[in-house]
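Per-entry structural report
Here is what each chain is made of, one letter per residue.
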Amino acid sequence: MGAKIGVIKGDGIGPEVVNEALKVLDRAGEIYGFSCDYTDILMGGCSIDATGVPLTDEAIETAKAQDAVLMGSIGGNTQTSPWYKLPPDRRPEAGLLKLRKSLGLFANLRPARLYDELREACPLKEKTATAGFDLVMVRELTGGLYFGHRETKVVEGKRTAIDTLTYNEDEIRRVAIKAFDIAMKRKKSVICVDKANVLDSSRLWREVVSEVAKDYPDVTLSFMLVDNCAMQLVKCPSQFDVVLTENMFGDILSDEASMISGSLGMLSSASLNETKFGLYEPSGGSAPDIAGKGIANPIATILSAAMLLRYSLDKDAAADAIEAAVQEALKSGARTADLIPDEKRRTANIRCLNTSEMGDLIASLIK
Ligand code: IPM
Ligand code: MG
């Protein structure tokens, strides 16, 4: 029997990019001697259309019964899609938040690195791009502003909205431990990003993270304010190894980290709980503007499938092979449209592939 993989294709470019990742997973399975049994799970706008809600209880149960879940993306154009006329807790994103919470996926790993081959697509200064970078963002995923008390009401005659940011020490500790464990396998540096000059929650993060650090004497811990971090990411990204941060800051900084890698279409992610189970998804959105055109970049989803093999199925060799195949494809000059920079920075061997050509090429390069 194969590994049980739930598949959430979702909305927008989701189905297109997931199909390529499944192609690559199957090819890796042929070579490395494993198989996957896929079960489709509805979530997001497509679930609203089919069932009236973004995630049904059955869908949650199905997800729980899998070894891992691979996801594309959910949601649509927030200005024009009818999904966004629904109350907030019935919109596509509510499904994703509910799934993360129901499965206890508190640790969101978002690696961002600059492939040598993509230097010309990197928007940073040439000198900075040449220095390269290879970091992993560890974002807390089931607490903070995303899950605090929320309310809109009239206070003293004025429309007033309230969002609360709450963390307890256990929520901070468990994600900090993940970050330090990851740092031990990397360059042994953790930078904890917060707003400790303003927020109580950030000051608690500093205390608890410092306590966790005592169990990791080989890891260097430092703290950085989030506004400074946003600036340092474009100024000198090579200084980062593991970036540990709370939910909202991690959401924002991970988009920034992906863009300096050349494109949002390159950034994979894993959302983990205390077990081997994980939800794997590209960090980018559903890109409704290019959905159905077959031009989306499937690499983030393919790299997410590699993370699935590594973290949930312990198939490190197959994961390495997929990552190497991605690099080979880039080296050969293959690019999706999002990775092709302005004419003047473009080199001769670059060729533009569509979504499925990129998937085919990467699958064929797995050794
Ligand atoms: C992400 C996304 C989600 C988030 C949205 C779709 C709710 O932006 O995974 O980064 O904010 O967590
Ligand atoms: Mg985001």
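In what follows, the accompanying structure is described. (Residues numbered from 1 in each chain as written. Chains lettered and ligands numbered in written order. Predicted model: local features only at pLDDT ≥ 70, side-chain atom pairs only at ≥ 80, totals over all residues. Heavy atoms only, no water.)

Below, the discussion takes up the overall build of the protein chain. When helices and strands are tallied, the protein chain shows 12 helices and 14 strands. Its C-alpha atoms give the protein chain a radius of gyration of 20 Å, within 12% of the compact-globule value 21 Å for 367 residues. Overall size of the protein chain, expressed as C-alpha extent along the three principal axes, is 60 × 50 × 45 Å. Out of the 367 residues in the protein chain, the part that is buried amounts to 53%. Carbon and sulfur atoms provide 52% of the accessible area of the protein chain, an area that totals close to 16000 Å². Placing the 44 positive and 52 negative side-chain charges of the protein chain at their respective mean positions leaves the two points 3 Å apart. (Helix = DSSP H or I, 4+ residues; strand = E, 2+ residues; numbered from the N terminus. Rg over C-alpha atoms; globule rule 2.2 N^0.38 Å. Buried < 20%, exposed > 50% of the residue type's maximum accessible area, 1.4 Å probe, protein only. Areas by Shrake-Rupley, 256 points an atom, 1.4 Å probe, with all protein chains shown as cover. Lys, Arg positive; Asp, Glu negative; His and termini not counted. Charge placed at Lys NZ, Arg CZ, Asp CG, Glu CD.)

Of all the positions in helix H12 (residues 355-364), only Thr-355, Met-358, Gly-359, Leu-361, Ile-362 and Ala-363 are classed as buried. Of the surrounding elements, those touching the buried residues of H12 are helix H1 (14-32), helix H10 (299-311), helix H11 (316-331), strand S13 (334-335) and strand S14 (351-352). (Contact = heavy atoms within 4.5 Å.)

With that out of the way, let us pick up the site of ligand 1. Around ligand 1, the neighbouring residues are Glu-93, Arg-100, Arg-110, Arg-139, Tyr-146 and Asp-251. Here an oxygen atom of ligand 1 and a side-chain polar atom of Arg-139 are 2.8 Å apart. At 2.5 Å from an oxygen atom of ligand 1 is found a side-chain nitrogen or oxygen belonging to Tyr-146. When the free accessible area of ligand 1 is taken as 320 Å², the share hidden by the protein chains comes to 78%. Classifying every residue of the shell around ligand 1 gives 1 nonpolar, no polar and 5 charged. (Near = heavy atom within 4 Å. Polar contact = N/O pair within 3.5 Å; in protein donor to acceptor, adjacent residues only side chain to side chain. Nonpolar A, V, L, I, M, F, W, Y, C, P; charged D, E, K, R; others polar.)

Of all 6 residues in strand S3 (residues 68-73), 6 are buried; the element is thus mostly enclosed. Pairing of strand S1 (residues 3-10) with S3, which is carried by 5 bridges, proceeds in the parallel orientation. Bridge pairing in S3 places Val-7 opposite Leu-70. In the sheet, S3 pairs with strand S12 (residues 278-280) via 2 bridges, with the strands oriented parallel. Opposite Leu-70, over in S12, you have Tyr-280 as the bridge partner. (Pairing = 2+ DSSP bridges.)

This next bit is on the sheet that holds strand S2 (residues 36-40). Here we have 10 strands laid out as an open sheet, ordered S2-S1-S3-S12-S11-S4-S5-S10-S8-S9, and mixed in their pairing. This sheet does not close on itself; its edge strands, each paired only once, are S2 and strand S9 (220-225). Adjacent strand axes in the sheet meet at a mean angle of 25° when their direction is disregarded. Most of the contacts of H1 go to S1, to which it runs at about 155°, and overall it touches S1, S2 and S3. Each of strand S5 (134-140), strand S8 (189-194) and S9 touches helix H8 (residues 226-235); the most contacted strand, S9, lies at about 100° to it. (Axes fitted to C-alpha atoms, helices over the stretch in contact; angles between N-to-C directions.)

Attention now goes to the pattern of salt bridges. What the rule picks out here adds up to 22 salt bridges. One salt bridge in this structure joins Asp-241 and Arg-186, with 2.8 Å as the shortest N-O distance. Residue Asp-241 is located in the loop between H8 and strand S10 (242-245), and its partner Arg-186 is located in the loop between helix H6 (169-184) and S8; the two are separated by 55 residues in the primary sequence. Since its relative accessible area comes to 2%, Asp-241 is described here as buried. (Salt bridge = Lys/Arg side-chain N within 4 Å of Asp/Glu carboxyl O.)

Each pair of packed helices can be described by the angle between their axes along with the distance between the axes. It is the contact of H8 with helix H9 (residues 247-260), at a shortest axis distance of 10 Å, that shows an interaxial angle of 10°. Classified by the angle their axes make, H8 and H9 are roughly parallel. On H9, the residues that touch Val-226, Cys-229, Ala-230, Leu-233 and Val-234 of H8 are Phe-249, Leu-253, Glu-256 and Ile-260. Its residues assigned to classes, the contact of H8 with H9 shows 8 nonpolar, no polar and 1 charged. (Parallel < 35°, antiparallel > 145°, perpendicular 65-115°, else oblique.)

All right, on to the nonpolar core then. Ranked by internal contacts, the top residues of the largest apolar core, which has 89 residues, are Ile-5, Leu-109, Leu-244, Ile-299 and Ile-362. Discounting chain neighbours no more than four positions away, the residues touching Ile-299 are Gly-265, Met-266, Val-326, Leu-330, Leu-339, Met-358 and Ile-362. Of all hydrophobic cores here, the second largest spans 16 residues; its members include Ala-63, Val-69, Ile-74 and Phe-277. (Core = buried A, V, L, I, M, F, W, Y, C linked by side-chain atoms within 4.5 Å.)

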